[in-house]
Amino acid sequence: MPHAADNRTLKHGCIVMASGVGARFGGNKLMAELCGAPLVGHVVRATDGLFSRRVVVTRHADVAALCETLGVQVILHDEPCRNDTVRLGMEAMDGCDTVTFVQGDQPLIRPASIAALLRAAERDAAGAVRRDAARRDAAGRGVADVAGCDAVGAALVDTAEDYAMGLDAVKCDVDAAAGCDAAESDVAAAVKHDAVGCNAAESSVARIWRTSFDGVPGAPVLFPSWTFDELRSLPRGKGGGFVAKTHAECVRTIEVLSEWELFDVDTRDDLEQLQTHVARCGSAGLPR
């Protein structure tokens, strides 16, 4: 699969959110057609081959029937709120290290952009391994001997370089590790994001990764395992964005190539805009 995360060591899960009632659209928008296929069908195909587990959560029988023909696991429900949809999806994610939430009304999301989130998480986990090794090495030699934070600094530089490489021309926004002046302090304090609790488990994915365009974050969003309990117990009516906002210091973004990737259909005017865009751009306007 050309878009799959390279050399993956993590088990990635995906929840396609397809439970919206379409009040502003005036009906079930997910089955509205774009280029001869339902909106949610485009989204499902964009996730093909990328995940160890994948489930579509919907309250619509016609969406469920479509997904079954596409060979995708479906949870059909009649729960009222967004937090219920998230909880039901999470119940199908046992054993996953990450879960990516994909919106069923974003038909132009590119598989390459979703794959970039997975690769960022893989490099995040690899960086955690290196940081853990650097801490153990520093502890063995004594923190005071880590002149200039050599061990931690080298690990962080390696991690930043990894993040910036090989993302299918999708830019990755990574904070540079700066200021290792306080070598006498605890080594973990030099690793800024570990110190604020973004790395609940050693050698795991520390950050929440989400797509963005022109610096404005959107969906899909990848959540690491340390957020799972919060996702399962969201306040009524809240979705994954609530967790991302709660841990804003842990969020990193991947820039997608076009604003249309993150364009979601809420109204019939939105659908007409997409149809006009695709008609103008031809096959270049569709996800690849």
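See the structure above.
These numbers were taken from a predicted model, which means no experiment stands behind them.

Undergrad: Any chance you could explain the nonpolar core here in plain terms?
TA: By size, the foremost hydrophobic cluster in this structure holds 32 residues, and its most contacted members are Val40, Val56, Val63 and Trp209. Of all the secondary-structure elements, those providing two or more residues to this core are β1 (12-18), α1 (39-46), α2 (61-69) and α4 (111-141). The biggest single contributor to this core is α4, with eight residues. Not counting the four nearest positions on each side in its chain, Val63 is found in contact with Ala18, Asn28, Leu30, Met31, Val40, Val56 and Thr58. Membership of the second largest hydrophobic core comes to 25 residues, among which are Met17, Val86, Leu88 and Phe223.

Undergrad: What is the right way to look at the packing of aromatic side chains in this model?
TA: In this description, an aromatic ring pair is defined by two values, namely the gap between the centres and the angle between the planes. This structure, assessed with the given rule, holds two aromatic pairs. Centroid distance Trp260 to Phe263: 5.2 Å. Interplanar angle 45°. Geometry classified as tilted. Since its relative accessible area comes to 17%, Trp260 is described here as buried. Of the residues examined, Phe263 reaches a relative accessible area of 18% and is grouped as buried.

Undergrad: What's the story with the pairing of strand β10 (residues 251-255) in this structure? I'm lost.
TA: Each regular strand shows side chains that alternate between the opposite faces of the sheet. Across the five residues of β10, five count as buried, placing the element largely inside the fold. Bridging between strand β8 (residues 208-213) and β10 involves five bridges; their strand directions are parallel. By the bridge assignment for β10, Ile208 is matched with Val251.

Undergrad: What is the right way to look at the pattern of salt bridges in this model?
TA: If the charged atoms of two oppositely charged side chains come close together, the side chains can form a pair. One pass over the full model with this rule turns up nine salt bridges. Asp229 is the salt-bridge partner of Arg232, the closest N and O atoms lying 2.9 Å from each other. Taken together, the positions of Arg232 and Asp229, both in helix α8 (residues 228-232) and three residues apart, correspond to about one turn of that helix. A single salt-bridge network, built from bridges that share partners, covers Arg24, Lys29, Asp105 and Asp266.

Undergrad: Mind showing me how you'd approach the side chain of Ser212 here?
TA: Inspection of the secondary structure puts Ser212 in strand β8. Apart from the residues within four sequence positions on either side, Ser212 is in contact with Pro217, Gly218, Thr253, Ile254, Glu255, Val256 and Leu262.

Undergrad: Explain the environment of Val74 here, please?
TA: Along the chain, the position of Val74 falls in strand β5 (residues 73-76). Along the sequence, Val74 and Ala64 sit 10 residues apart, while their C-alpha atoms lie 6.0 Å from each other. Apart from residues no more than four positions distant in its own chain, Val74 is found in contact with Val55, Val56, Thr58, Ala64, Cys67 and Glu68.

Undergrad: I would appreciate a short explanation of α2 in the present structure.
TA: Listed as buried for α2 are Val63, Ala64, Leu66 and Cys67. All buried residues of α2 lie within an arc of 160° about the axis, which places them on one face of the element. Residues of α2 that are exposed and angled more than 90 degrees away from the buried face: Ala61, Glu68 and Thr69. Elements that come into contact with the buried residues of α2 comprise β1, β3 (37-38), α1, β4 (53-58) and β5.

Undergrad: In this structure, what is going on with the environment of Arg207? I would like to understand it.
TA: Looking at the secondary structure, you find Arg207 in the loop between α7 (192-195) and β8. At 2.7 Å, the side chain of Arg207 forms a polar contact with the side chain of Asp124.

Undergrad: Would you mind going over the pairing of β8 with me for this structure?
TA: Judged by how many residues are buried, β8 sits mostly within the fold: five of six residues are covered. Where β8 lies against strand β9 (residues 216-224), four bridges are found, and the strand directions are antiparallel. If you follow Ser212 over to β9, its bridge partner there is Pro217. The hairpin turn running from β8 into β9, its antiparallel successor, is two residues long, and Asp214 in that turn takes a positive phi close to 55°.

Basis of the calculations
- Residues numbered from 1 in each chain as written.
- Predicted model: local features only at pLDDT ≥ 70, side-chain atom pairs only at ≥ 80, totals over all residues.
- Heavy atoms only, no water.
- Core = buried A, V, L, I, M, F, W, Y, C linked by side-chain atoms within 4.5 Å.
- Buried < 20%, exposed > 50% of the residue type's maximum accessible area, 1.4 Å probe, protein only.
- Helix = DSSP H or I, 4+ residues; strand = E, 2+ residues; numbered from the N terminus.
- Contact = heavy atoms within 4.5 Å.
- Phe/Tyr/Trp six-rings, centres within 6.5 Å; stacked < 30°, edge-to-face > 60°.
- Pairing = 2+ DSSP bridges.
- Salt bridge = Lys/Arg side-chain N within 4 Å of Asp/Glu carboxyl O.
- Arc of directions from axis to C-beta.
- Polar contact = N/O pair within 3.5 Å; in protein donor to acceptor, adjacent residues only side chain to side chain.

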